[in-house]
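Here is how the chains run, residue by residue.
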Amino acid sequence: RRRRFRDEEGVVGERKLTAAKRSPNAEKVLVNLRDGRVIVGVLRSFDQFANVVLENAYERIIVEDVYGDIPLGVYVIRGENVVIMGEVNLAKEVPTALRRVSAPEIQQAKRAEKAADGLKETMRKRFDFLDLE
């Protein structure tokens, strides 16, 4: 499709409409989402609303001193969920201070961490009436 436009000098012309930019050279990017998840993948496309298409994407989960990657494949992220996106330095992609574990192990560790956080919050609410300060 083509659309007519008028530039700053008032000259009328036509330009081809493009819905999204296609990345000519594959760049590995890391995307932090609003819900706290971290998605890593090869940037394939993005648009003016920060909608992103990643190829060979995976979710990186870090719990204490271990990390794991959950494969996602082709992944579309709606722009309103993107907090920040940046290029991954391939030389520093793998965290050196952390130990890599399998996908089921990291998912189990994440569930355990979430349960512990829930227990802490429950205890905090139960003792809130004490006003220890």
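In this text the structure is predicted, and so the values were computed from the model without any measurement.

The next subject is the pattern of salt bridges. When their charged atoms lie close together, side chains carrying opposite charge are able to pair. This structure, assessed with the given rule, holds five salt bridges. Residues Asp35 and Arg37 are paired through a salt bridge, measuring 2.9 Å at the closest nitrogen-oxygen approach. Residue Asp35 is classed as exposed on the basis of its relative accessible area, which comes to 53%. You can call Arg37 partly exposed: its relative accessible area is 28%. A single salt-bridge network, built from bridges that share partners, covers Arg60, Asp69 and Arg100.

Turning to the confidence of the model for the protein, a few remarks are in order. Of the residues in the protein, 77% have a pLDDT of 70 or more, and the chain-wide mean is 81. The least confident element of the protein, judged by mean pLDDT, is strand β2 (residues 12-16) at 50; the most confident is strand β4 (residues 38-46) at 94.

Turning next to a nonpolar patch on the surface. A cluster of nonpolar side chains, contributed by Leu119, Met123 and Phe127, occupies part of the molecular surface with about 290 Å² of accessible area. Looking at the secondary structure, you find Leu119 in helix α1 (residues 103-126). Since its relative accessible area comes to 53%, Leu119 is described here as exposed.

Residue placement: Arg60 occurs in strand β5 (residues 52-63). Look at Arg60 and you get buried, because its relative accessible area is 11%. Reaching out from Arg60, the side chain makes a polar contact with the side chain of Asp69 at a distance of 2.9 Å. When neighbours within four sequence positions are excluded, Arg60 is seen to be in contact with Val38, Tyr67, Gly68, Asp69, Glu93 and Pro95.

Positioned with a positive phi, Asn56 is a non-glycine residue whose angle comes to about 50 degrees. Looking at the element boundaries, Asn56 is found in strand β5. Judged by its relative accessible area of 54%, Asn56 falls in the exposed class. Of note, the phi angle at Glu64 is positive, near 55 degrees, even though the residue is not glycine. Tracing the backbone shows Glu64 in the loop between β5 and β6 (66-77).

A separate point is the pairing of β6. As judged from the ten bridges shared by β5 and β6, these two strands associate in the antiparallel manner. Across the sheet, residue Leu54 finds its bridge partner in β6, namely Tyr75. Once β5 ends, the chain turns through two residues before running back antiparallel as β6, passing Glu64 with a positive phi of about 55 degrees. Sheet analysis places β6 next to strand β8 (residues 99-100), joined by two bridges and oriented parallel. Bridge pairing links Val66 to Arg99 in β8.

What follows concerns the layout of surface pockets. If you roll a probe as big as a water molecule over the atoms, it shows you where there is empty space left. Approximately 180 Å³ is the volume attributed to the largest pocket. Around the largest pocket, the lining residues are Leu30, Asp35, Gly36, Arg37, Val38, Glu59, Arg60, Ile61, Ile62 and Lys110. Sort the elements by how many residues they give to the lining of the largest pocket and β5 lands first, with four residues. Residues that form the lining of the largest pocket fall into these classes: four nonpolar, one polar and five charged.

Parameters at a glance
- Residues numbered from 1 in each chain as written.
- Predicted model: local features only at pLDDT ≥ 70, side-chain atom pairs only at ≥ 80, totals over all residues.
- Heavy atoms only, no water.
- Salt bridge = Lys/Arg side-chain N within 4 Å of Asp/Glu carboxyl O.
- Buried < 20%, exposed > 50% of the residue type's maximum accessible area, 1.4 Å probe, protein only.
- pLDDT = per-residue confidence, 0-100.
- Helix = DSSP H or I, 4+ residues; strand = E, 2+ residues; numbered from the N terminus.
- Patch = residues over 30% accessible without salt bridge, like charges linked within 9 Å, V, L, I, M, F, W, Y side chains within 5 Å.
- Areas by Shrake-Rupley, 256 points an atom, 1.4 Å probe, with all protein chains shown as cover.
- Polar contact = N/O pair within 3.5 Å; in protein donor to acceptor, adjacent residues only side chain to side chain.
- Contact = heavy atoms within 4.5 Å.
- Pairing = 2+ DSSP bridges.
- 1 Å grid on protein atoms, 1.4 Å probe; cavity = no way out; pocket = protein on both sides within 12 Å on 5 of 7 lines; lining within 4 Å.
- Points joined across faces, edges and corners; volume = space filled by probe spheres on them.
- Nonpolar A, V, L, I, M, F, W, Y, C, P; charged D, E, K, R; others polar.

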